[in-house]
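# Examination of the molecular architecture
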Amino acid sequence: MQDMPRPRPRFLQRHVTQHGRVVWYIRIGRGPRTRIRAPFGTPEFDAEYQAALEAKPRPHKAGAEAGSLAWLIERYRETTAWTDLSLATRRNRENHFRRAIENAGHQPIRAITSAAITKGRDSRAATPAQARNFLDAMRGLFKWAKEAKHVAVDPTDGVKNPKAQKGSGLPGVD
């Protein structure tokens, strides 16, 4: 014997769009419809349903504040400019992004200046390769951000690479 289908929660309406997608709305009486964007049956769906019933603003996803450096890095990770990089390059840049988010992730993008990039490079001066990799990561991020019109000015323009250390690169061999 098959189980009876559960009744739909009160005021919940199911609509199928012209493209065949199922969307859910809350409508109390003849009032306005409030769309629920989370997938049906998930905890996020239940939270949005309760918020719509109580006429509260939709709960926000946990994430970075829009317009901050952390937000910009999240958007960059969603692009082909990021996914086209090799796994090794992404891993390397991810380490620099993680440290940048810890130090300045809450800062607005507009607050990131050439002086801030230079300060980040200089804090890694003891290891010139790390300083160079930091600059490469920031250049890639802000080059994309300028093309995507998230920033008007690229703060990495004019920041010079650190000088390479002289020597063969092998310990004890000069």
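Residues numbered from 1 in each chain as written. Predicted model: local features only at pLDDT ≥ 70, side-chain atom pairs only at ≥ 80, totals over all residues. Heavy atoms only, no water.

### Some details on the overall build of the protein
What the protein contains, in helices and strands, is six helices and three strands. Along the protein, helices and strands appear, N-terminal first, in the series β-β-β-α-α-α-α-α-α. The C-alpha radius of gyration of the protein comes to 24 Å, more than 25% above the 16 Å expected for a compact globule of 174 residues. Projecting the C-alpha coordinates of the protein onto the three principal axes gives extents of approximately 80 × 40 × 30 Å. Taken over 174 residues, the protein has a buried fraction of 29%. When the accessible surface of the protein is totalled, it reaches about 12,600 Å², and 52% of it is carbon and sulfur. With 32 positive and 17 negative side-chain charges, the protein shows a separation of 5 Å between the mean positions of the two kinds. (Helix = DSSP H or I, 4+ residues; strand = E, 2+ residues; numbered from the N terminus. Rg over C-alpha atoms; globule rule 2.2 N^0.38 Å. Buried < 20%, exposed > 50% of the residue type's maximum accessible area, 1.4 Å probe, protein only. Areas by Shrake-Rupley, 256 points an atom, 1.4 Å probe, with all protein chains shown as cover. Lys, Arg positive; Asp, Glu negative; His and termini not counted. Charge placed at Lys NZ, Arg CZ, Asp CG, Glu CD.)

### Quick notes on helix H5 (residues 114-123)
Buried residues of H5: Ile117, Gly120 and Arg121, and no others. Down the axis of H5, the sector holding all buried residues measures 100°, keeping them to one side. Projecting away from the buried face of H5 at angles above 90 degrees are the exposed residues Ala115 and Lys119. (Arc of directions from axis to C-beta.)

### Here's the deal with the pattern of salt bridges
Within this structure, the stated rule accounts for five salt bridges. What you see here is one network of salt bridges that share partners, running through Glu74, Arg75 and Glu78. (Salt bridge = Lys/Arg side-chain N within 4 Å of Asp/Glu carboxyl O.)

### Quick look at the nonpolar core
One finds Leu69, Leu72, Phe97, Ile117, Met138, Leu141 and Phe142 to be the most contacted residues of the largest nonpolar core, which totals 22 residues. Counting residues per element, the ones that place at least two in this core are helix H2 (69-77), helix H4 (87-104) and helix H6 (128-147). If you tally residues by element for this core, the top one is H6, at eight residues. Core analysis: the next-biggest nonpolar cluster, separate from the first, contains eight residues, Leu12, Trp24, Ile26 and Tyr49 among them. (Core = buried A, V, L, I, M, F, W, Y, C linked by side-chain atoms within 4.5 Å.)

### Quick notes on the sheet that holds strand E1 (residues 12-16)
One open sheet accounts for three strands, arranged E1-E2-E3; its pairing is antiparallel. If you trace the sheet from one side to the other, it starts and ends with E1 and strand E3 (34-36), each paired once. With direction set aside, neighbouring strand axes in the sheet form an average angle of 40°. By the bridge criterion, three bridges tie strand E2 (residues 22-26) to E3 in an arrangement that is antiparallel. When the sheet's bridge partners are listed, Ile26 is paired in E3 with Thr34. Relative to the sheet, helix H1 (residues 43-53) contacts E1, E2 and E3, its axis offset from that of E3 by approximately 170°. (Pairing = 2+ DSSP bridges. Axes fitted to C-alpha atoms, helices over the stretch in contact; angles between N-to-C directions. Contact = heavy atoms within 4.5 Å.)

### Considering H4
Its 18 residues place the ends of H4 25 Å apart at the C-alpha level, agreeing with the 26 Å of an ideal helix rising 1.5 Å per residue. Those residues of H4 not exposed but buried are Arg93, Glu94, His96, Phe97, Ala100 and Ala104. (Expected span 1.5 Å × (residues − 1).)

### A few points about the packing of aromatic side chains
On inspection of all chains with the given rule, the structure shows seven aromatic pairs. Plain terms: the ring middles of Tyr76 and Trp82 are 5.5 Å apart, the flat faces sit at 65° to each other, and that makes the pair edge-to-face. Residues Trp82 and Phe97 carry aromatic rings whose centres are separated by 5.9 Å and whose planes lie at 40° to one another, so their mutual orientation is tilted. Here the residue Trp82 occupies a position in helix H3 (residues 80-83), and Phe97 occupies one in helix H4, the gap between them amounting to 15 residues. (Phe/Tyr/Trp six-rings, centres within 6.5 Å; stacked < 30°, edge-to-face > 60°.)

Such coordinate-based values are descriptive only and should not be taken to indicate function.
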